[in-house]
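Secondary and tertiary structure notes
Single-letter residue listing:
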Amino acid sequence: MESPASPQAQHQRPELRRGGVAGFLWGTVSRARTARIPFRMGQVLIGDDPFNGRHLGTVAVIDAPYVGLRTASAAGEVTFYDYRQLRYPD
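Please read these numbers as outputs of a predicted model, since none were measured by experiment.

Considerations on the overall build of the protein chain
Looking only at helices and strands, the protein chain features two helices and five strands. Going from N to C terminus, the protein chain has its helices and strands arranged as α-α-β-β-β-β-β. Of the contacts made within the protein chain by residues no fewer than 6 positions apart, 35% connect residues no fewer than 24 positions apart. Entry remark: accessible area of the protein chain is about 7100 Å², with carbon and sulfur atoms responsible for 57%.

So, the confidence of the model for the protein chain
Chain-level statistics for the protein chain give a pLDDT mean of 78 and a share of 73% at 70 or above. Mean pLDDT values for the elements of the protein chain range from 50 in helix H1 (residues 7–12) up to 93 in strand S5 (residues 86–87). Contacts for the low-pLDDT stretch residues 12–16, under 50 throughout, to residues beyond four places or in other chains number one contact.

Thresholds, definitions, all that
- Residues numbered from 1 in each chain as written.
- Predicted model: local features only at pLDDT ≥ 70, side-chain atom pairs only at ≥ 80, totals over all residues.
- Heavy atoms only, no water.
- Helix = DSSP H or I, 4+ residues; strand = E, 2+ residues; numbered from the N terminus.
- Contact = heavy atoms within 4.5 Å.
- Areas by Shrake-Rupley, 256 points an atom, 1.4 Å probe, with all protein chains shown as cover.
- pLDDT = per-residue confidence, 0-100.

This is the structure in structure tokens:
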């Protein structure tokens, strides 16, 4: 008897593929669930958070729903904010 992890047993199992209409719907639904970040890399923003404080910096990392700002005060340090706590400087 073959183990379920053997290559022969895996080859015999039907593969689950999302093709056609199901694949299109899956992709559309998964994109709709992710947060739409209105900022781009390199933009100058102000992050205001009661725990991290208020910092002016450039966008260095975008990992929805968080955005990392690289500030001039701390060399090489990135402070992460929720994208809803960021705004453009006046």
